[in-house]
Amino acid sequence: MDRRHFLKSSAIGMAGAGMFRGKTLLGAEARGEEETVKIREYRILGRTGFKVSDISSGGPGDESLLNALLDAGVNYIDTAESYGNGRSETIVGNVMKNRDRKSIFITTKQILTELPGESVKKEDVTKEAIINRFHKSLERMQTDYADCLMMHGVDNVGDLNHEGFHAAVTQLKADGRLKYAGISNHGSFSGMTSKEPMGKVLLAAAEDGRFDVYLMTYNYLKQEQSEEVLRVCKEKKIGTTLMKTNPVARYLGIKAGIERLEKEGKEIPEFYRMGLINLKEKYEKAEWFLKKYNLENPAEMKEAAIKFCLDNPNVNSICVSFQNFEDVTRYVGLSGQRLTASD
């Protein structure tokens with residue numbers, strides 16, 4: 001899948017995932033439950049020294065949900081200028097204007113190198129252009145500074161030495177607009193084409209020494225390569241945040257979305273059917289884990305996958321995409337927990 005189709009796939013997957021929850025986004029009962037959960041564990045985010053909640057907010061899509069998360073003790077927000085064409089950053093800004101800015105660590109990201117399905121113009125990735133884009137992000141987020149700016153989706157070692165990015169970071173730090181630099185890498189696990197293995201890229205970035213925080217893929221199907229990266233990050237005091245911790249989520253989400261469209265009598269694009277076929281292989285590889293812990297529904301599968309990652313002491317925070325208040329209750333409630341055989 002190329003990036004553009006991958007994002008479309010994610011959209012239908014999220015729509016399908018919503019079918020697994022029984023409560024509405026702003027349901028009073030769900031909000032009442034949400035208010036009882038709290039973050040129970042904070043971990044040091046590498047050399048930044050910031051104590052981040054072990055469960056954090058990935059790509060906020062709703063102000064009420066983000067407020068609920070911050071009330072529950074979540075203090076790390078991952079967003080990007082490309083999420084909803086800036087809408088996610090705008091949501092962060094609308095919420096943060098009423099919050100203690102220094103108590104929250106905010107990371108945003110920029111696509112600076114060509115990704116499958118994305119056209120990056122050279123004039124958009126100069127030092128000046130990157131700084132200009134960053135200032136627009138600050139405006140949307142209604143803040144004077146960002147804690148971290150990441151190169152988004154770097155999939156080869158050669159792009160680590162992006163002159164425009166590093167020059168912009170140096171200038172923004174000098175101006176007091178930025179504290180740290182980071183990098184995100186999806187690896188091949190997302191279904192996106194990757195020029196080089198995630199491990200190779202992130203280990204090279206660790207040797208480079210200019211990246212303070214990672215956003216990376218880690219789950220029970222992607223262990224060996226990711227665990228080596230996490231180990232090196234611990235040694236070099238690089239902060240580690242995770243995405244794609246549940247390897248079966250997209251398959252189940254797209255499957256449910258397709259079933260919904262079929263029930264409504266709507267046409268299913270061939271791309272979605274092919275995407276489901278491609279993701280089914282990962283689902284089949286995950287069956288050993290699902291059977292071991294007797295996991296029968298999507299919510300249980302996601303909970304177990306998050307607990308698996310929390311069990312690794314080299315993981316600092318897990319970025320979760322929250323869809324409703326029941327998600328807040330369920331997944332913030334996992335803070336401080338571990339996956340055990342008794343589960």
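Below is a summary of the structure that appears in this document. (Residues numbered from 1 in each chain as written. Predicted model: local features only at pLDDT ≥ 70, side-chain atom pairs only at ≥ 80, totals over all residues. Heavy atoms only, no water.)

### Focus on the overall build of the protein chain
- Counting its secondary structure elements, the protein chain contains 13 helices and 10 strands.
- A burial count over the protein chain gives 56% of its 343 residues as buried.
- Counting only carbon and sulfur atoms, one obtains 47% of the accessible surface of the protein chain, whose full area is about 15,000 Å². (Helix = DSSP H or I, 4+ residues; strand = E, 2+ residues; numbered from the N terminus. Buried < 20%, exposed > 50% of the residue type's maximum accessible area, 1.4 Å probe, protein only. Areas by Shrake-Rupley, 256 points an atom, 1.4 Å probe, with all protein chains shown as cover.)

### Considerations on the sheet that holds strand 6 (residues 146-151)
- The strand order 3-4-5-6-7-8-9-10 describes a closed barrel built from eight strands, whose pairing is parallel. Averaged over all adjacent pairs, the angle separating strand axes in this sheet is 30°, with direction ignored.
- Examined bridge by bridge, strand 5 (residues 105-110) and strand 6 share four bridges and lie parallel to one another. Bridge pairing links Gln-110 to Met-151 in strand 6.
- Contacting strand 5, strand 6 and strand 7 (178-185), helix 5 (residues 127-141) crosses the sheet at an angle of about 140° to strand 5.
- Against the sheet, helix 8 (residues 224-236) contacts strand 8 (213-217) and strand 9 (239-243), and its axis sits at roughly 165° relative to strand 8. (Pairing = 2+ DSSP bridges. Axes fitted to C-alpha atoms, helices over the stretch in contact; angles between N-to-C directions. Contact = heavy atoms within 4.5 Å.)

### Looking at the packing of helix 4 (residues 87-96) against helix 5
- One can describe the packing of helix 4 onto helix 5 by two numbers: an axis separation of 6 Å at closest approach and a directional angle of 45°. When the axis of helix 4 is compared with that of helix 5, the two are oblique. Contact residues: helix 4 offers Glu-89, Thr-90, Val-92 and Gly-93, while helix 5 offers Ser-137, Arg-140 and Met-141.
- The residue makeup of the contact of helix 4 with helix 5, split by class, is two nonpolar, three polar and two charged. (Parallel < 35°, antiparallel > 145°, perpendicular 65-115°, else oblique. Nonpolar A, V, L, I, M, F, W, Y, C, P; charged D, E, K, R; others polar.)

### Some thoughts on the packing of helix 5 against helix 6 (residues 163-174)
- One way to put it is that helix 5 packs onto helix 6 with a least axis distance of 8 Å and a crossing angle of 55°. Considering the angle they form, helix 5 stands oblique to helix 6. Handedness of the crossing formed by helix 5 with helix 6: right-handed. Counted together, Lys-127, Ile-130, Ile-131, Phe-134 and His-135 of helix 5 and Gly-164, Phe-165, Ala-167, Ala-168, Gln-171 and Leu-172 of helix 6 form the full contact between these two elements. (Left-handed = near helix turned anticlockwise from the far one by under 90°.)

### Some thoughts on the nonpolar core
- In this structure, Phe-165, Ile-183, Tyr-214, Phe-289 and Val-332 are the most contacted members of the largest nonpolar core, which totals 86 residues.
- Residue contributions to this core peak at eight residues, all from helix 12 (residues 298-310).
- Ignoring sequence-local partners within four residues, the contact set of Phe-165 consists of Leu-112, Ile-130, Leu-149, Met-150, Met-151, Ala-181, Gly-182 and Phe-211.
- Counting residues in each nonpolar core, the second largest holds 11 residues, with Phe-50, Met-150, Leu-215 and Cys-319 among its members. (Core = buried A, V, L, I, M, F, W, Y, C linked by side-chain atoms within 4.5 Å.)

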